[in-house]
There are 2 protein chains.
Amino acid sequence: MTTKGNAMASASAQLKTPKGTRDWVGQELRIRDHIFSTVSDVFRLHGGVPLDTPVFELRDVLAGKYGEDARLIYNLEDQGGELCSLRYDLTVPFARFLATRTDIKQIKRYQIAKVYRRDQPAISRGRLREFYQCDFDVAGVYDPMIPDAEILRVLVEAFRGLDMNITIKLNHRRILDGLFAVSGVPSDKTRPISSAVDKLDKAPWEEVKREMVEEKGLDAAVADRIGAYVQRRGTMGEMLAYLASQPEAMANEEIQAGVKDMQLLMSYLEAMDVLDKISFDLSLARGLDYYTGLIYEVIVNEPNQVGSVAAGGRYDNLVGMYGKQQIPCIGVSFGIDRIFTILEKRQKRMAASNLRRNADVYIIAAGGKEFDGLLLQRMAIARQLWDGGIQAEYAAKVKPKLQTQFNASKDVPIAIILGQDELDAGQVRLKEIKEDGEEKDRGLLVSKDDIVEEVKKLLSR
Amino acid sequence: MTTKGNAMASASAQLKTPKGTRDWVGQELRIRDHIFSTVSDVFRLHGGVPLDTPVFELRDVLAGKYGEDARLIYNLEDQGGELCSLRYDLTVPFARFLATRTDIKQIKRYQIAKVYRRDQPAISRGRLREFYQCDFDVAGVYDPMIPDAEILRVLVEAFRGLDMNITIKLNHRRILDGLFAVSGVPSDKTRPISSAVDKLDKAPWEEVKREMVEEKGLDAAVADRIGAYVQRRGTMGEMLAYLASQPEAMANEEIQAGVKDMQLLMSYLEAMDVLDKISFDLSLARGLDYYTGLIYEVIVNEPNQVGSVAAGGRYDNLVGMYGKQQIPCIGVSFGIDRIFTILEKRQKRMAASNLRRNADVYIIAAGGKEFDGLLLQRMAIARQLWDGGIQAEYAAKVKPKLQTQFNASKDVPIAIILGQDELDAGQVRLKEIKEDGEEKDRGLLVSKDDIVEEVKKLLSR
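Residues numbered from 1 in each chain as written. Chains lettered and ligands numbered in written order. Predicted model: local features only at pLDDT ≥ 70, side-chain atom pairs only at ≥ 80, totals over all residues. Heavy atoms only, no water.

Bringing the overall build of chain A into the picture now. Each helix and strand counted, chain A has 17 helices and 17 strands in total. The C-alpha radius of gyration computed for chain A amounts to 29 Å, which surpasses the reference 23 Å derived for 461 residues by more than 25%, pointing to a less compact arrangement than a globule. Each of the three principal axes of chain A carries a C-alpha extent, and together these read 95 × 60 × 50 Å. Counting all 461 residues of chain A, 56% fall into the buried class. A sequence separation of at least 24 residues applies to 69% of the contacts in chain A between residues at least 6 apart. (Helix = DSSP H or I, 4+ residues; strand = E, 2+ residues; numbered from the N terminus. Rg over C-alpha atoms; globule rule 2.2 N^0.38 Å. Buried < 20%, exposed > 50% of the residue type's maximum accessible area, 1.4 Å probe, protein only. Contact = heavy atoms within 4.5 Å.)

Following this line, the structure appears as structure tokens:
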């Protein structure tokens, strides 16, 4: 790095982060780390193996995977050598990993990493061009619905760890597509109609029907038949009973296969004690084309909920697209930004204390006229505390003012006050700082040797 | 994502990660996480605030910061909008952050993130184009050498946490530059001569002298005077006594200022109990131009050491380059890849078990002819264990073979064996699995209600 002579050039540079990106600092990152460690702990509990892939992939690896959205991919400049692009999600890199590692036939992998989309950003609503995804996927051939049940169990444990009360909306692509067929939807209209149905969580049926009929050219009678099915939701038991009572639907082979899966799943979810979190919702369709079986979406049971906080499904054909090996997969992606928004609101004091240092102890020197600032003594006490695993700070001044030190100690729970007389007697004074910055009392005189122990006692209260 | 019709295009794609990048999986990431959490804990103990910046910056922000190395910067393609580049290090993004956040006058920040350099990769030696940096920096105006001492203390605590025995090599830019001046180095040759001196840790003096004289056109007598100084190292006390005994050197104002800093630092390091880790080494020069005071490098006290595992120094003028605010800084960057290499070697069993699932318990179903596989019972036991925070797995088969289950349990410490008779009596069998896969005995019959407790007892042994 050469700094000389470039100062002027740099001073004129626009000083901001690129469009759709932002810095994250302090308490924000502590909340994010809390989310990451909570969900990772659950992934590991279920045998999850962590994976980290490069932030950019060969451009060919991403080609043909995202349809129209491919225009949102960030490309790296051609500087000679390979053509690369920033990753758009974590699913395609995982599929590429599996296709390159043909020694792996089964894996439960998790990955928490940023992805990049040149979308129109809406920072106030938390939509950024650089954002985190957090994925857990089970790849491999297993008996039907066993990994599917475990993924739902993982969701329940993760949100329990985050102290969030959730409902998991479930559906099955083969049941949904079968109901469309039974209702009379031409097969080339299945996906467009499916994407209209997916809007039923935000829009009333009349609006969805209008989209089907007016925009997508569906016969109104066909739309009404669809409406009779997809507006139904309930427990797994209720919905399986409802489907069993529909002879026209049950004659369809796709629906039969889906119902068989759902019956099996219900028995597994009962054994895993998660059945009470499930809503079997025939309107759930999910946008992505590649799902082939069970699909799900997690919503928070709170007023003003922010949309789904996790979602996923079974995709049995994606890895095979690379032509190396065919591995069925099921996965889930956690919506870190939405979870973050909910947890951030809970931390009311955050805005004011985003740069808070999170110290346990602030070491203050007090003295009269010949006061020399006691810097070495403050350092030695800090060293004792650090050795004891206690966060300790002191003013980085040789002779700090008493008032400056008390001000700095206000967002720290404990102050240790050093005076020459007490130090001569081998003692220091410990004070608890109250929330409003007032000290409770004159504090406790303790021996220098007992500082770590005494601080731990106070902190554990 | 649209998959149909693109299968052929994708199947022909080259399946690998881009040049100079790689996937990381399983045990490798567990080692890396261990490094990150160990050093982050120390940063937080010292009041460190985490920072996360975007992976790309406006191209102008990086311009003029890296001299010749700027050719190694990855640019994003111009897809309309702003011109951006991937970050090259974490120091310039931190300086940009401080220049944009003029409300921040003092901060201890840490950042652990990947950086990108289009260098010639040498994967076998661990040199990649995408690699981690881990930086801790103290920004702000403080009394001299107080943050400098704390940074060295942070280094000692971090490597103690990693169980690595280290020495910190120290020098001071003003002493070093003063010694060059006193020896007769023309001021325009200071940095080239400095970079030659920096090679003394790898090359003998004669070779360094040859570079100075033959390549850099220095007078041989001047080189010899430099040699007499820079081949000296010792404790801080020894080296300060040595410098004090050199009247020619002590007449130089730069050296006087540097020596005053080092005396102050020595007293602080004594109070912080890190003096025994320090080697004051006059040959330490560090490559970067922007250092203005104390510089340091951490080496591991082991044969076949891999070079420095952390390094840094004081840089008081970098933030001011953006023309917004002038903030003196001191920082250190941990060499994650080298630390990783050392810790990886310690884990001898790693290579074979990189994809190990790290499960605590494997649940096995055993039975005779009418055996139904006990899947729901295995799931229910797994649920109990997960609720107790215990990692549990079972075969994802309705009727798994006994031998297959025993094979799968071999790298797991405990097996729980379910048989219909025992289950009818409300019991299961617990077995410890030995390293070589042999079971110790027929196992322990325990009540289903006590499983979590009994497993925890076995695991804590």
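Applying the stated criterion across every chain yields a total of 58 salt bridges over all chains. As a salt-bridge pair, E82(A) and K16(B) come within 2.8 Å of each other at their nearest N and O atoms. Of this pair, E82(A) sits in the loop between α3 (59-62) and β4 (84-86) while K16(B) sits in the loop between α1 (7-11) and β1 (24-25), which puts the two residues in different chains. When its relative accessible area of 30% is taken as the criterion, E82(A) is described as partly exposed. With a closest N to O distance of 3.0 Å, D103(B) and R101(B) form a salt bridge. Exposure remark for D103(B): the relative accessible area of 53% places this residue in the exposed category. Look at R101(B) and you get partly exposed, because its relative accessible area is 27%. Among the charged side chains, a salt-bridge network with shared partners connects R32(A), K114(A), E130(A) and D52(B). (Salt bridge = Lys/Arg side-chain N within 4 Å of Asp/Glu carboxyl O.)

Here ten strands make up an open sheet; going across it, the order is β1(A)-β2(B)-β5(B)-β6(B)-β12(B)-β11(B)-β10(B)-β7(B)-β9(B)-β8(B) and the pairing mixed. Strand pairing shows two members of the sheet lacking a second neighbour, β1 (24-25) of chain A together with β8 (233-234) of chain B, which therefore form its edges. With three bridges joining them, strand β7 (residues 166-172) of chain B and strand β9 (residues 278-281) of chain B adopt parallel strand pairing. Bridge pairing in β9(B) links K169(B) to S279(B). Where helix α6 (residues 173-183) of chain B meets the sheet, it contacts β7, β9 and β10 (294-300) of chain B, and its direction lies at approximately 55° from that of β7(B). (Pairing = 2+ DSSP bridges. Axes fitted to C-alpha atoms, helices over the stretch in contact; angles between N-to-C directions.)

So, on to the interface of chain B and chain A. Listed by partner, the interface residues are 110 residues for chain B and 111 residues for chain A. The junction of chain B with chain A conceals about 9,700 Å² of combined surface from both sides, 60% of it contributed by carbon and sulfur atoms. Put simply, chain B and chain A have 18 salt bridges between them. By residue class, the composition of the side of chain B that touches chain A is 53 nonpolar, 22 polar and 35 charged. (Buried area = accessible area lost by both parts, 1.4 Å probe. Nonpolar A, V, L, I, M, F, W, Y, C, P; charged D, E, K, R; others polar.)

With that out of the way, let us pick up the sheet that holds β1(B). Spatial strand order, β8(A)-β9(A)-β7(A)-β10(A)-β11(A)-β12(A)-β6(A)-β5(A)-β2(A)-β1(B): ten strands in an open sheet with mixed pairing. Strands at the two margins of the open sheet, each flanked by one partner only, are β8 (233-234) of chain A together with β1 of chain B. Taken together, the seven bridges between strand β7 (residues 166-172) of chain A and strand β10 (residues 294-300) of chain A define a ladder with antiparallel strand orientation. Within β10(A), the residue paired with I166(A) across the bridge is V300(A). Docked against the sheet, helix α5 (residues 146-161) of chain A engages β5 (107-116), β6 (130-139), β7, β9 (278-281), β10, β11 (310-315) and β12 (329-334) of chain A, running at close to 15° with respect to β12(A).

A few words on the relation of the copies chain B and chain A. Aligned on chain A, chain B shows an RMSD of 0.0 Å; the corresponding rotation is 180° and the shift along the axis is 0.0 Å. In short, the pair behaves as if placed about a two-fold rotation axis. Residue by residue, 100% of the interface of chain B is reproduced at the interface of chain A, so both copies engage with the same surface. (Least-squares fit on C-alpha atoms with pLDDT ≥ 70 in both.)

Among the structural elements, S183(B) can be located in helix α6. Among all residues touching S183(B), those that are not within four sequence positions of it are V222(B), R225(B), I226(B) and Y229(B).

Moving on: the state of the cysteines. Counted under the stated rule, the structure contains zero disulfides over all chains. Free of any disulfide, C84(A) has its nearest cysteine sulfur in C84(B), 17 Å distant. This cysteine, C134(B), is not joined by any disulfide, and C329(B) carries the nearest cysteine sulfur, 17 Å off. (Disulfide = S-S within 2.5 Å.)

We now examine the confidence of the model for chain A. All names here are of chain A. The share of residues in chain A with pLDDT of 70 or more is 92%, and the mean pLDDT across the chain is 88. Across chain A, the element-wise mean pLDDT spans from 43 in helix α1 (residues 7-11) up to 98 in β4. A low-confidence stretch, residues 1-11 (pLDDT under 50), is modelled with 25 contacts involving residues beyond four sequence positions or located in other chains. A low-confidence stretch, residues 349-354 (pLDDT under 50), is modelled with twelve contacts involving residues beyond four sequence positions or located in other chains. Across the interface, the model reports ipTM at 0.83; the global pTM reads 0.84. (pLDDT = per-residue confidence, 0-100.)

As a further point, take the environment of G312(B). All names here are of chain B. Tracing the chain through its elements places G312 in strand β11 (residues 310-315). Since its relative accessible area comes to 1%, G312 is described here as buried. Each residue touching G312, except ones within four places of it in the same chain, is listed here: R286, Y291, I295, Y296, G331 and V332.

The next thing to look at is helix α7 (residues 190-197) of chain A. All names here are of chain A. Of the positions making up α7, those classed as buried are T190, I193, S194, A196 and V197. Looking down the long axis of α7, one finds its buried residues gathered within 160° of arc, a one-sided arrangement. The inward-facing, buried residues of α7 abut α6 (173-183), α8 (205-215) and α9 (220-230). (Arc of directions from axis to C-beta.)

Residue and element names in this part refer to chain B. As a packed pair, helix α7 (residues 190-197) and helix α8 (residues 205-215) sit with axes 9 Å apart at the nearest point and diverge in direction by 160°. When the axis of α7 is compared with that of α8, the two are roughly antiparallel. Between α7 and α8 lies a crossing whose hand is right-handed. Side by side, α7 and α8 meet where I193, A196 and V197 of the first sit next to V208, E211 and M212 of the second. For the contact of α7 with α8, the per-class residue count stands at five nonpolar, no polar and one charged. (Parallel < 35°, antiparallel > 145°, perpendicular 65-115°, else oblique. Left-handed = near helix turned anticlockwise from the far one by under 90°.)

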